[in-house]
Amino acid sequence: MNIHVKGMCSLSMALGLAFSAIPATDARAAGITDYNLTGFSAGNTGGGEISESDTARYKKVYTATELALALKKGSGVKVVEIMNDLNLGWNELPAAAKVSPFSAHNAALTHPVLLQTGVSKINVDGFTGLTIFSANGARLKHVAITIKRSSNVIIRNLEFDELWEWDEKTKGDYDSNDWDYLTLEESSKVWIDHCTFNKAYDGLVDSKKGTSGVTISWSTFKGDDGSSTSFVAKQFDALEANKSAYPMYNYLRGSSVGLSKQDIIAVAGAQKKGHLVGSTEFASDNPNLSITLHHNYYKDIQDRMPRLRGGNAHAYNIVMDSAGAWAAKSKITSAMATAISSKGYHFTVTSNGAISTEGGAVLVEKSQIIDVQYPVRNNQTDPEDASYTGKIRAVDTIDSLNGVAFRGSSDSSGSPLGPVPADVIAFSWNGFSTLPYSYTPEDPSTIKSRLTAADGAGAGKLTWAKSQWLKTSY
C-alpha cells in the first residue's frame, strides 16, 4: 500500500518513525512506501539492518584499501558504507589496494584523464547478503564492478563516473575496452536503487549469465551534458590539440565531413548503451533472466532500455528522454553519413528504446518516451527469422517524437508503439501468467517531473538517516 502524505504528522503516525530522519520535501513528493523494494528483486534482504557498532560485519570505507578489504571474497562483511568520493583508477590505487578483488582493467588509449588514472575493475564474488551504500551520494570514478556468483546484494545512493573515452581503435564501434559500470553475472536478487550512472564506454548496468531477480529503481542514467568542463569536453580538447594523431577524429573535422568540434561533442555526448540483459544469443541460461526497471530517468541514452535476450523484463514508470540525442542526430547530414561510412567509421546517434529478442518478454508500462525513433523493437538480427524475435508490449505509455504526442498502448489505433521490425508475437510472460510481485504504477503524465525533481531519481537526492538505506520496506 502506498501512503501519500499531506502532512508531517500523518507520516510519523503511519510509519512510527522520527520524522526528522526524512526531510519534508521527500515526504511531500511521495509516500515513503514508494521507495519499498519491489519488482523481481522482492524478498532481497541485502546485508540486513546491522548496527554500525558491529565492526566485523559493518565497514565504513574511506579509502580504496579499506574497500579492497571489505569486498575481498570471504571477508564476512555484510554492510559497506562508502563515506566519501573514491578515485579508483588502477594508477590511483596504493599498493595495498592492488590486490583481489581489485585488478587492472583494459588500459585507456585516448582520454587524458584516464591515461593518467588508469582503470580498475572490482570482482565482488561469492557474497550472500551484502549492502553497499553511501549516506551522502558518494561518487566512484574510473572503476568497473562485477557482481558474480552472489545473492541478496543491494547497492544504493552511489554515483558512478568517468569511464568513457573516444574510440579510435575500433573506429567508433566501441568494441574494445569493455568498460561497464556494473555487470551482474550468475547472481540472484540484486537491487540497485537511487544511483546515478554517467556516460560510459560500453554499457551502464548489464545483467547476464542467467542472473535473476534484479530490480533497478529510482536511478538516473545520463549522457554527457556538453559543458565546457565536462568529461567529454576534456577528451575533445585533447583530440583537437593533436588532430593528426587521431585519424577518425581528424577525418570528421576535415573537409570530407566538415563537422565542428562542438557538433562532434553534441553527437558523442549521448550514452551509447543502457542495459544489456543476456549477453549471448540463445544461451541456455537466458530463460532465467529477470529484471524490473521502475522510476528510472534515462537522459540521452541511445539504446537498450533494456535490450533483453530471453527471460522477462518489466519496465514501469520510467522516462526515456532522448531529446538532446535526437537533436544532435540532425547534425549529421546524409552526405556526411555516406562519407563517414565510406571510411569504415561509426559515428551517428542510434535511436532505440526497449528491445526484446529471442523469445524474451518485455512489458513497458505507464512510462514516457521522448524523441526516440524506434521506441519498441522486437528483433535485432533477422526480422524474417522468428527465433530472433521477442515479445514486447507497451501499455498506457506516452510517446512523443518531433512534438507529436500519443498516449496509449502497442495495439491502440495509430500507435507509434507497435513493435518493429519483425512480425508481432502475442505478449505473454515466460514461466508464469502474472507478475510474481505487487506494485502500484503512477500516471505517466506526471512521471518526468517526479523523477527530475530535486528529490527525484538518482544519488544524493534523499537525505536520510543511514539506517534508512539498510531497509527494504518502510
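Preceding this section is the structure that the text describes.
Residues numbered from 1 in each chain as written. Predicted model: local features only at pLDDT ≥ 70, side-chain atom pairs only at ≥ 80, totals over all residues. Heavy atoms only, no water.

**Structural notes on the pairing of strand 21 (residues 312-316)**
Among the 5 residues of strand 21, 5 are classified as buried, and the element is accordingly described as predominantly covered. Of the two faces of strand 21, the one carrying Asn312, His314 and Tyr316 and the one carrying Ala313 and Ala315 are both buried. In terms of strand pairing, strand 18 (residues 290-294) meets strand 21 through 5 bridges, oriented parallel. Residue Leu293 lies in a different strand from strand 21, and its bridge partner there is Ala315. (Buried < 20%, exposed > 50% of the residue type's maximum accessible area, 1.4 Å probe, protein only. Helix = DSSP H or I, 4+ residues; strand = E, 2+ residues; numbered from the N terminus. Pairing = 2+ DSSP bridges.)

**Looking at the sheet that holds strand 18**
As summarised here, the arrangement of the 10 strands in space is 1-2-6-9-12-15-18-21-24-27, forming an open sheet in which the pairing is parallel. The open sheet has two free edges, formed respectively by strand 1 (58-61) and strand 27 (391-395), since each of these has just one partner strand. Strand-to-strand twist in this sheet, taken as the mean axis angle between neighbours without regard to direction, amounts to 10°. (Axes fitted to C-alpha atoms, helices over the stretch in contact; angles between N-to-C directions.)

**Thoughts on helix 7 (residues 261-269)**
Those residues of helix 7 that fall on the buried side of the exposure criterion are Ile264, Ile265, Val267, Ala268 and Gly269. In the core, the buried residues of helix 7 are packed alongside helix 5 (231-241), helix 6 (247-253) and helix 8 (323-329). (Contact = heavy atoms within 4.5 Å.)

**Comments concerning the packing of aromatic side chains**
Taken as a whole and judged by the stated rule, the model has 24 aromatic pairs. For the ring pair Tyr35 and Trp218, a centre distance of 5.0 Å and an interplane angle of 75° mean the geometry is edge-to-face. Linking Tyr35 in the loop between helix 2 (24-29) and strand 1 with Trp218 in the loop between strand 15 (212-217) and strand 16 (220-222), this pair joins segments that are 183 residues apart in sequence. With respect to burial, Tyr35 and Trp218 carry one shared label: buried. Summarising the aromatic geometry, the rings of Phe236 and Tyr249 are spaced 5.8 Å apart at their centres and angled 40° between planes, so their arrangement reads as tilted. Taken together, the residues span a long stretch of sequence, with Phe236 in helix 5 and Tyr249 in helix 6 at a distance of 13 residues. Looking at Phe236, the relative accessible area reads 0%, which means it is buried. With relative accessibility at 0%, the residue Tyr249 sits in the buried group. (Phe/Tyr/Trp six-rings, centres within 6.5 Å; stacked < 30°, edge-to-face > 60°.)

**Observations regarding unusual backbone geometry**
That bond from Ser100 to Pro101 is cis: its omega, 15°, falls within 30 degrees of zero. Put simply, Met305 and Pro306 share a cis peptide bond, and its omega is -5°. Positive phi, normally seen in glycine, also occurs at His142, with a value near 65°. On the accessibility criterion, His142 (2% relative accessible area) is buried. One non-glycine residue, Asn317, adopts positive backbone phi at about 55°. Summarising the element assignment, Asn317 is placed in the loop between strand 21 and strand 22 (319-321). Of the residues examined, Asn317 reaches a relative accessible area of 0% and is grouped as buried.

**Considering the environment of Ser227**
Summarising the element assignment, Ser227 is placed in the loop between strand 16 and helix 5. With a relative accessible area of 29%, Ser227 lands in the partly exposed category. For Ser227 and Ile265, which are 38 residues apart along the polypeptide, the C-alpha to C-alpha distance reads 9.4 Å.

**A word on the packing of helix 5 against helix 7**
Viewed as axis vectors pointing N to C, helix 5 and helix 7 meet at an angle of 140°, and their least axial separation amounts to 10 Å. Classified by the interaxial angle, the pair formed by helix 5 and helix 7 is oblique. In the crossing of helix 5 with helix 7, the sense of the turn from one axis to the other is right-handed. Contacts from Val232, Ala233, Phe236, Asp237 and Glu240 of helix 5 reach helix 7 at Lys261, Ile264, Ile265 and Ala268. Looking at the contact of helix 5 with helix 7, its residues break down into 6 nonpolar, no polar and 3 charged. (Parallel < 35°, antiparallel > 145°, perpendicular 65-115°, else oblique. Left-handed = near helix turned anticlockwise from the far one by under 90°. Nonpolar A, V, L, I, M, F, W, Y, C, P; charged D, E, K, R; others polar.)

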